[in-house]
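Structural description and commentary
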Amino acid sequence: GSAVAQTPSGAAGEFWPAVTTTIEVRRKMRLQLSVGKENGQDYDYEQLNAGAMLNYRMKQILPQPPWETDDERAHHFVAGIGYEYLRSTENGETIGESRIVIQATPRYHPGAGLLITDRNRVEFRWIGANYNARYRNKLTVDRRFKLNNFRFTPYASGELFWDRNRHAWNQSQYAFGVQLPYKRRLMVDVYYLRQNCTTCNQDPLNVFGLTLNLNFRRKH
């Protein structure tokens, strides 16, 4: 479909709310369940998505502080496999997509409290009756801060997409956000994302995102 409206700047806007629940199933293994929605604020678009990812954490490199909500931050390498289902509706037309996802995520601590995360992700995609695959590389830099008892983690990220059928790097995203943890069970992630895509109906795209992360651990 084509755009029905755009913002004055020429970039369409979207709002992406999501909820992610992480369940520790073994000491080094956790199951991540997610549901989300993407709403076109300036055009007729809606996407619902749900997924499950099983992650295995290898080689812990830092001790975990007692208030940490994300166990994976302390591990040098995390591997994962999962499944996602998406249902998109644009201009009255609905299409479903199934994805099998494999990803590998190394992390580095260069110093000065910085954490660098390099997520490498391969998606095998069945979009309606069509098959495609793509590779995604996402680089994130963040740093934790504490003011009195208030903790927050600002971050910046950039992601590139390689499309198998088009044999091209056809999409890029960059984001700026902040993570706000509460104890060890809850974390709110608020961010702005800019997407550029040479093969998408909407290009560029401005996104405001809000993700609620819930974390459940086993008692060791």
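Quick caveat, the model's predicted, so the values are computed rather than measured. (Residues numbered from 1 in each chain as written. Predicted model: local features only at pLDDT ≥ 70, side-chain atom pairs only at ≥ 80, totals over all residues. Heavy atoms only, no water.)

1. So, the overall build of the chain
Each helix and strand in the chain was counted, giving zero helices and twelve strands. The N-to-C order of helical and strand elements in the chain reads β-β-β-β-β-β-β-β-β-β-β-β. (Helix = DSSP H or I, 4+ residues; strand = E, 2+ residues; numbered from the N terminus.)

2. Let's talk about unusual backbone geometry
Not every positive phi belongs to a glycine, and Asn91 is a case in point at roughly 50°. With respect to the helices, strands and loops of the structure, Asn91 is situated in the loop between strand 4 (75-90) and strand 5 (93-111). Accessibility expressed as a relative area gives 31% for Asn91, which makes it partly exposed. Here Ala112, not a glycine, exhibits a phi torsion of approximately 60°, which is positive. (Buried < 20%, exposed > 50% of the residue type's maximum accessible area, 1.4 Å probe, protein only.)

3. A look at the state of the cysteines
Scanning the model with the defined rule gives one disulfide in all. There is a disulfide in this structure between Cys197 and Cys200, and the S-S distance comes to 2.1 Å. The sign of the S-S torsion, about 70°, decides the handedness of the disulfide formed by Cys197 and Cys200: right-handed. (Disulfide = S-S within 2.5 Å.)

4. Some words on the packing of aromatic side chains
Counting across every chain of the model gives seven aromatic pairs. On the numbers, 5.7 Å between centres and 15° between planes, the contact of Phe15 with Phe208 is stacked. Of the two residues, Phe15 is situated in strand 1 (residues 12-26) and Phe208 in strand 12 (residues 205-216); the sequence distance between them amounts to 193 residues. When the centroid spacing of 5.6 Å and the interplanar angle of 20° are considered together, the rings of Phe145 and Phe152 count as stacked. Aromatic rings pair up to connect Tyr135, Trp162 and Trp169 into one cluster. One Lys or Arg, Arg143, reaches over the ring of Phe145 and ends 4.7 Å from the middle of that ring. (Phe/Tyr/Trp six-rings, centres within 6.5 Å; stacked < 30°, edge-to-face > 60°. Lys NZ or Arg CZ within 6 Å of the ring centre and 35° of its normal.)

5. Here we look at a positive patch on the surface
Taken together, Arg26, Arg27, Lys28 and Arg218 make up a surface patch of like positive charges. In this fold, Arg26 is placed in strand 1. Judged by relative accessible area, which is 56%, Arg26 ranks as exposed. (Patch = residues over 30% accessible without salt bridge, like charges linked within 9 Å, V, L, I, M, F, W, Y side chains within 5 Å. Areas by Shrake-Rupley, 256 points an atom, 1.4 Å probe, with all protein chains shown as cover. Salt bridge = Lys/Arg side-chain N within 4 Å of Asp/Glu carboxyl O. Lys, Arg positive; Asp, Glu negative; His and termini not counted. Charge placed at Lys NZ, Arg CZ, Asp CG, Glu CD.)

6. Quick look at the environment of Glu84
With respect to the helices and strands, Glu84 occurs in strand 4. For Glu84, a relative accessible area of 19% gives the class buried. Through-space distance from the C-alpha of Glu84 to that of Gly51 is 4.1 Å; in sequence the pair is 33 residues apart. The contact partners of Glu84, leaving out residues within four places of it in the chain, are Ala50, Gly51, Glu97, Ser98, Arg99, Val101 and Arg121. A polar side-chain atom of Glu84 sits 2.6 Å from a polar atom in the side chain of Arg121. (Contact = heavy atoms within 4.5 Å. Polar contact = N/O pair within 3.5 Å; in protein donor to acceptor, adjacent residues only side chain to side chain.)

7. Overview of the pairing of strand 11 (residues 186-197)
With burial as the criterion, only one face of strand 11 is covered, namely that bearing Met187, Asp189, Tyr191, Leu193, Gln195 and Cys197; the residues Leu186, Val188, Val190, Tyr192, Arg194 and Asn196 on the opposite face remain uncovered. Bridge count between strand 10 (residues 168-182) and strand 11: twelve bridges; the pairing is antiparallel. Each bridged residue has a counterpart across the sheet, and for Gln179 the counterpart in strand 11 is Asp189. The pairing of strand 11 with strand 12 spans ten bridges and is antiparallel. Bridge pairing links Tyr192 to Phe208 in strand 12. (Pairing = 2+ DSSP bridges.)

8. Notes on the environment of Thr89
Among the secondary structure elements, Thr89 is positioned in strand 4. Sequence separation between Thr89 and Asn39 is 50 residues, and the spatial gap between their C-alpha atoms is 9.9 Å. When residues no more than four places from it in sequence are discounted, the contact partners of Thr89 are Asp44, Tyr45, Glu46 and Thr94. A polar side-chain atom of Thr89 sits 2.9 Å from a polar atom in the side chain of Thr94.

9. Observations concerning the confidence of the model for the chain
When pLDDT is averaged across the chain, the result is 88; 89% of the residues are at 70 or more. Contacts of residues 1-9 to residues separated by more than four positions or lying in other chains number 18 contacts, the stretch itself having pLDDT below 50. (pLDDT = per-residue confidence, 0-100.)

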